[in-house]
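Architecture and fold: a report
Residues per chain, in single letters:
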Amino acid sequence: MIQRFRPFYSHIGSRSLTMDLRTLCFLSCCLFICVLSAETQERGRAPKAQNKKGGKAASPEGVSLPGASGRRKPKSERRQQPLQKKTPVEAAAPSAPAPSILTRVLGRGHFQKVGDSLSLRAGEPLELRCRGKVVHWRVPEYLEEEGEGRLRTKHFSQHSRLQLVNSTGADTGEYSCWARDCQDAACTEGEDRQGKTFIFFTDPEELFVPTENYYEVVQLRSHQPALLPCQVTNPLAQVTLHREFPPEEVPVDGTDISFDVKKGFTIHRPRASLAGSLFCLASLRGMRQISTKYMLIYINYPSSSPKPTIQASTTSVLLGENFSVTCTVLSEPAIAVDFRWEYPGQKMGRPPYVSERADVVHREGQAQQEAGSTLYVEEARAGDAGVYTCRATNLQGTGMATTRVHVTRSPPVSPAPS
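Residues numbered from 1 in each chain as written. Predicted model: local features only at pLDDT ≥ 70, side-chain atom pairs only at ≥ 80, totals over all residues. Heavy atoms only, no water.

**Brief notes about the overall build of the protein**
- From N to C terminus, the protein includes three helices and 27 strands.
- Residues classed as buried in the protein amount to 29% of the 418 residues present.
- Total accessible area computed for the protein in this model is approximately 28500 Å², and 53% of it derives from carbon and sulfur atoms. (Helix = DSSP H or I, 4+ residues; strand = E, 2+ residues; numbered from the N terminus. Buried < 20%, exposed > 50% of the residue type's maximum accessible area, 1.4 Å probe, protein only. Areas by Shrake-Rupley, 256 points an atom, 1.4 Å probe, with all protein chains shown as cover.)

Set out below in structure tokens:
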């Protein structure tokens, strides 16, 4: 190459020729390095593009491939990943149920979630904790009457504590709490969000929760269920219902009569044949005990409030004459109805003269009771004129009826015949 360009450099000095040759060699080396670097980059770019394309096709959206966590991803992918991962998780996350505010304290720093029921031995202490700033407790009525004896509550800034010592089978029952929600000066009761549990204090000598009464009167009302509250201290006890006279077991089918270990026997369909003396019998591990005896009294409950009708013996009476006003109610047999009168003579201090009756009548093939009350007014005065009101009341409510009576000084004049 140098020999080819020698005629051109023949007129230049040897020093200038030497410098031009150095410059030419330097430029040639730079050109060679650039060409080599370009080829190297071109060879390395093709595998990276191929790997990127293949990885995108093989990995579906939202699914991580095995081993992908160990590969450091490009910066652009690391920036986009939190957004793509966060959105589906927030949309699909279900709302967590509200935790119970009632727990049992087992020891210092040890707590237990209480369920629907809990069994403890009689004599074992009980400690419950309820979360909230203003907490209210509800315990069996037997314990509420004791006051600050074996049962104590203490309130703290964020919770309340209930402690029961020297427990007995009589403490069996439901324990519940709720917290008041107070904002500024307004407070709302939080009974819709409360913690509760039924606690059995098992006593090998007392299968039934003891009571002070040997007999207890229960009304069997025809329109609503009746409860025989023979509660047991042990949920494992087998309980049956019995009649005292004549001695026999009362069948419990779950429809007319059912049993709940937390409540006792419920008579869903009261009837007159169940009236009398009944008791419960509990059996557990060869031991048998009877409960308080229940005296069941059947009451034929009315289906509706009374609808009285009222009628006066005359609507116009002369001064000094006698008259009466009668109020009548039709109802089911053996339904008690109470009558009360309001009349003008009350303002003058005239005492009421009233007679009442109750008869059974048959109408359209059905037996009904016709109860009535009659108000008598003797020697009518001017002050006896006015509105007479009858109010009839039964167990369902009160009905009212009114009429008006006129008192005149002389009889009405009849027109002369033509």
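**Thoughts on the state of the cysteines**
- As enumerated under the stated definition, the model contains three disulfides in all.
- Disulfide partner of Cys130: Cys177, at an S-S distance of 2.1 Å. Here Cys130 and Cys177 share a disulfide; its torsion about the S-S bond, 85 degrees, makes the bridge right-handed. Taken together, the residues Cys130 in strand S4 (residues 126-131) and Cys177 in strand S8 (residues 173-183) connect sequence positions 47 residues apart.
- Looking at Cys130, the relative accessible area reads 0%, which means it is buried.
- A relative accessible area of 0% means that Cys177 is categorised as buried. (Disulfide = S-S within 2.5 Å.)

**Some words on empty space enclosed by the protein**
- According to the stated counting rule, one finds one cavity of 30 Å³ or more in the structure shown.
- Considered as a void within the structure, the largest cavity measures approximately 70 Å³ in volume.
- Residue lining of the largest cavity: Tyr343, Gly345, Arg350, Pro351, Pro352, Tyr353, Leu375, Tyr376, Val377, Glu378 and Asp384, and that is the complete set.
- Looking at the lining of the largest cavity, the element that brings in the most residues is strand S25 (residues 366-377), giving three residues.
- Of the residues in the lining of the largest cavity, the class split is seven nonpolar, one polar and three charged. (1 Å grid on protein atoms, 1.4 Å probe; cavity = no way out; pocket = protein on both sides within 12 Å on 5 of 7 lines; lining within 4 Å. Points joined across faces, edges and corners; volume = space filled by probe spheres on them. Nonpolar A, V, L, I, M, F, W, Y, C, P; charged D, E, K, R; others polar.)

**Observations concerning unusual backbone geometry**
- Cis geometry is found at the peptide bond from Phe245 to Pro246, where omega equals -10 degrees.
- When you line up the elements, Pro246 lands in the loop between strand S13 (238-243) and strand S14 (248-250).
- If you check the backbone angles, Glu379 has positive phi at about 50 degrees while not being a glycine.
- Tracing the chain through its elements places Glu379 in the loop between S25 and strand S26 (386-394).
- Looking at Glu379, the relative accessible area reads 56%, which means it is exposed.

**Focus: the environment of Lys307**
- When you line up the elements, Lys307 lands in the loop between strand S19 (293-299) and strand S20 (309-312).
- Sequence separation between Lys307 and Val329 is 22 residues; the distance between their C-alpha atoms is 6.2 Å.

**Here's the deal with the pattern of salt bridges**
- Using the criterion set out here, one finds 12 salt bridges in the structure.
- In this structure, Asp116 engages Lys262 in a salt bridge whose closest nitrogen and oxygen atoms are separated by 2.2 Å. Of this pair, Asp116 sits in the loop between strand S2 (110-113) and strand S3 (117-121) while Lys262 sits in the loop between strand S15 (257-260) and strand S16 (264-267), and the two are 146 residues apart along the sequence.
- Residue Arg350 is joined to Asp384 by a salt bridge in which the shortest nitrogen-to-oxygen separation is 2.4 Å. With Arg350 in the loop between strand S23 (338-342) and strand S24 (353-363) and Asp384 in the loop between S25 and S26, this residue pair connects regions lying 34 residues apart in the sequence.
- Where salt bridges share partners, they join Arg357, Asp359, Arg363 and Glu370 into one cluster. (Salt bridge = Lys/Arg side-chain N within 4 Å of Asp/Glu carboxyl O.)

**Side note on the sheet that holds S2**
- The five strands lie next to each other as S2-S1-S4-S7-S6, forming an open sheet whose pairing is antiparallel. Of all the strands in the sheet, the pair left with one neighbour each is S2 and strand S6 (151-155). Pairs of neighbouring strands in the sheet enclose a mean axial angle of 30 degrees, with direction left out of account. (Pairing = 2+ DSSP bridges. Axes fitted to C-alpha atoms, helices over the stretch in contact; angles between N-to-C directions.)

**Looking at the packing of aromatic side chains**
- Under the counting rule described, the total for this entry stands at four aromatic pairs.
- Ring centres 4.8 Å apart and planes at 55 degrees place the aromatic pair Phe198 and Phe200 in the tilted group.
- Taking the relative accessible area as the measure of exposure, Phe198 reaches 6% and is therefore buried.
- Here Tyr214 and Tyr215 contribute two aromatic rings whose centre-to-centre distance is 5.0 Å and whose plane-to-plane angle is 85 degrees, an arrangement assigned as edge-to-face.
- Classification of Tyr214 as exposed rests on a relative accessible area of 53%.
- By relative accessible area, which is 41% here, Tyr215 ends up partly exposed. (Phe/Tyr/Trp six-rings, centres within 6.5 Å; stacked < 30°, edge-to-face > 60°.)

**So, the layout of surface pockets**
- By volume, the second largest pocket is sized at about 950 Å³.
- For the second largest pocket, the lining is made up of 29 residues, of which Val209, Pro210, Thr211, Pro229 and Gln231 are closest to its centre.
- Residue assignment for the lining of the second largest pocket shows that the elements contributing at least two residues are helix H3 (141-144), S8 and strand S18 (287-290).
- Among the residues making up the lining of the second largest pocket, the classes are represented as 13 nonpolar, eight polar and eight charged.

**A closer look at the environment of Thr374**
- Tracing the backbone through its elements, the reader meets Thr374 in strand S25.
- Thr374 sits in the buried class, given a relative accessible area of 12%.
- With 47 residues separating them in the primary sequence, Thr374 and Cys327 have C-alpha atoms 6.3 Å apart.
- Excluding anything up to four places from it in sequence, Thr374 contacts Ser324, Val325, Thr326, Tyr353, Val354 and Ser355.
- Polar side-chain contacts of Thr374 include one of 3.2 Å to the side chain of Thr326. (Contact = heavy atoms within 4.5 Å. Polar contact = N/O pair within 3.5 Å; in protein donor to acceptor, adjacent residues only side chain to side chain.)

**Describing the sheet that holds S23**
- Taken together, the four strands give an open sheet; going across it, the order is S21-S27-S26-S23, and neighbouring strands pair in mixed fashion. Each edge of the open sheet is held by one strand with a lone partner, namely strand S21 (316-318) and S23. Adjacent strand axes in the sheet meet at a mean angle of 30 degrees when their direction is disregarded.

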